[in-house]
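The residues making up each chain are set out below.
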Amino acid sequence: MDQNPPVPTEDPALLAAFEARIAAGESIEPKDWMPERYRKQLTRMMSQHAHSEIVGMLPEGNWITRAPSLRRKMSLIAKVQDEAGHGLYIYCGTETLGVDRHELVEALLDGRAKYSSIFNYPTLSWADMGVIGWLVDGAAIVNQTVLAKASYGPYARAMVRICKEENFHKRQGYEICSVLANGTPEQKAMVQEAFNRFWWPSLMMFGPSDTDSPNSAELLKWRVKRKTNDELRQRFVNLTVPQAIAIGITVPDPDMAFDADTGNWEFGEIDWSEFFEVLKGNGPCNRERLDARRKAHADGEWVRAAATAHAEKQKARSSTAAA
Ligand code: FAQ
């Protein structure tokens, strides 16, 4: 998507009225007037979010056939299906801004669109299923609970339902980790190793630090974002470290320390070069993830064709009946 589009000139009176509504905490709805830049920013952020949900099905989908019990398999299938649902709600939300989801999907498939960096890491052991639920869904909840108060109504409302489901995902993930951490020495080592791999990439999910976040100021001004990337990252760390301690997991950060004055768990330097490499397409699984999405899209061609044919037939039937 265009990084630096020309700023459209908006009618100053309309813009002032829009900004007054935002300041008053009103919700902006699809048919309301909005600045083009607001529409663009929301389309960018919501479409990246929808793509993340869909690509995010792949790392866990990879373990469905290898779940260690029927119960684990059932909850993993349900979780992966939920992520598909989240993608669909958010694509629908994006369409309320006047874009066509096919264009958004095209942008994903041809590599122009971003999706969350976290899904470009491999899932190497069963413990990864626990750690993803705990950390990745946990990070998503911290971010999305705040987005449930975003100024754009359809996005905010989608977040309410999504957060409820993400909470279930997080609990099932933490439960897997807790069982493994209290299991045999091999199981405990497996969950610690998975945690070590996912800890830093989970912190990166919140985006670059505030000083390097080009979109934050505008999104905060328009109350799409209600907290900065760094504020949310800190909240996630503060919530997660005590959970790790409770089940005997060590956070792989020698600089981690509790600051009694601020009440924060202070953490070490994030390797931002790794984050930006993943964004450029050079993460461990970027290519594999896009190839999988392209294959799924091509394999689904006949379903789309059949659904379209069915819809057209229904439409023709109802117009004959009405005549
Ligand atoms: N990965 O100026 P900022 C989930 C990009 S859902 C990739 O700070 P912004 C559920 C950013 O797009 C996870 N790219 O950007 C699940 C921008 O690029 P652009 C997804 C990233 O928008 C669980 C550039 O860097 N959640 O996990 C990332 O103000 C388990 C500069 O950054 C959402 O999308 C990143 N981590 O803040 C599913 C929530 N971070 O477009 C399956 C909604 C930044 O200018 C299994 N999104 N970038 O070229 C947001 O809250 C925000 O968009 C942020 C980024 C916070 C992600």
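Treat the numbers as computed from the prediction; the structure is a model and nothing was measured. (Residues numbered from 1 in each chain as written. Predicted model: local features only at pLDDT ≥ 70, side-chain atom pairs only at ≥ 80, totals over all residues. Heavy atoms only, no water.)

Draft legend 1. Main features of the overall build of the protein chain. In terms of helices and strands, the protein chain carries 13 helices and 2 strands. Relative to a compact globule of 323 residues, whose C-alpha radius of gyration would be 20 Å, the protein chain shows 21 Å and is just as compact. With the principal axes as the frame, the protein chain shows a C-alpha extent of 70 × 50 × 35 Å. Residue burial in the protein chain is summarised as follows: out of 323 residues, 47% are buried. Considering only contacts within the protein chain whose residues lie at least 6 apart along the sequence, 78% involve residues at least 24 apart. Accessible surface, the protein chain: about 16200 Å² in total, of which carbon and sulfur atoms supply 58%. Averaged over its 39 positive side-chain charges, the protein chain has a centre that lies 6 Å from the centre of its 43 negative ones. (Helix = DSSP H or I, 4+ residues; strand = E, 2+ residues; numbered from the N terminus. Rg over C-alpha atoms; globule rule 2.2 N^0.38 Å. Buried < 20%, exposed > 50% of the residue type's maximum accessible area, 1.4 Å probe, protein only. Contact = heavy atoms within 4.5 Å. Areas by Shrake-Rupley, 256 points an atom, 1.4 Å probe, with all protein chains shown as cover. Lys, Arg positive; Asp, Glu negative; His and termini not counted. Charge placed at Lys NZ, Arg CZ, Asp CG, Glu CD.)

Draft legend 2. Main features of the packing of aromatic side chains. For the coordinates displayed, the defined rule picks out 13 aromatic pairs. Between Trp-199 and Phe-236, the aromatic rings sit 6.2 Å apart at their centres with planes inclined by 25 degrees, giving stacked as the arrangement. Here Trp-199, found in helix H8 (residues 185-204), pairs with Phe-236, found in helix H10 (residues 229-246); they are 37 residues apart in sequence, far enough to count as distant. In this structure Trp-199 comes out as buried when scored by relative accessible area, which is 0%. On the basis of relative accessibility, which here comes to 1%, the residue Phe-236 falls in the buried class. Each ring, one from Trp-272 and one from Phe-275, has its centre 5.3 Å from the other, and the planes form 85 degrees; the classification is edge-to-face. Residue Trp-272 and its partner Phe-275 are located together in helix H11 (residues 272-282), separated by 3 residues, close to a single helical turn. Accessibility classification places Trp-272 together with Phe-275 in one group, the buried group. Grouped by ring-pair contacts, the aromatic residues Trp-134, Tyr-174, Phe-195, Trp-199, Phe-206 and Phe-236 constitute a single cluster. The aromatic ring of Trp-63 is capped on one face by Arg-66, whose charged end is 3.9 Å from the ring centroid. (Phe/Tyr/Trp six-rings, centres within 6.5 Å; stacked < 30°, edge-to-face > 60°. Lys NZ or Arg CZ within 6 Å of the ring centre and 35° of its normal.)

Draft legend 3. Quick look at the pattern of salt bridges. This structure, assessed with the given rule, holds 22 salt bridges. Across the pair Glu-36 and Arg-39 runs a salt bridge, and its minimum N-O distance is 3.3 Å. Separated by 3 residues within a single helix, Glu-36 and Arg-39 lie in helix H2 (residues 36-55), roughly one turn from each other. Among the ionic pairs, Arg-294 bridges to Asp-291, the shortest N-O distance being 3.3 Å. Here Arg-294 pairs with Asp-291, and both are found in helix H12 (residues 286-299), just 3 residues apart, close to one helical turn. Residues joined in a network through salt bridges with shared partners are Glu-60, Lys-79, Glu-83 and Asp-137. (Salt bridge = Lys/Arg side-chain N within 4 Å of Asp/Glu carboxyl O.)

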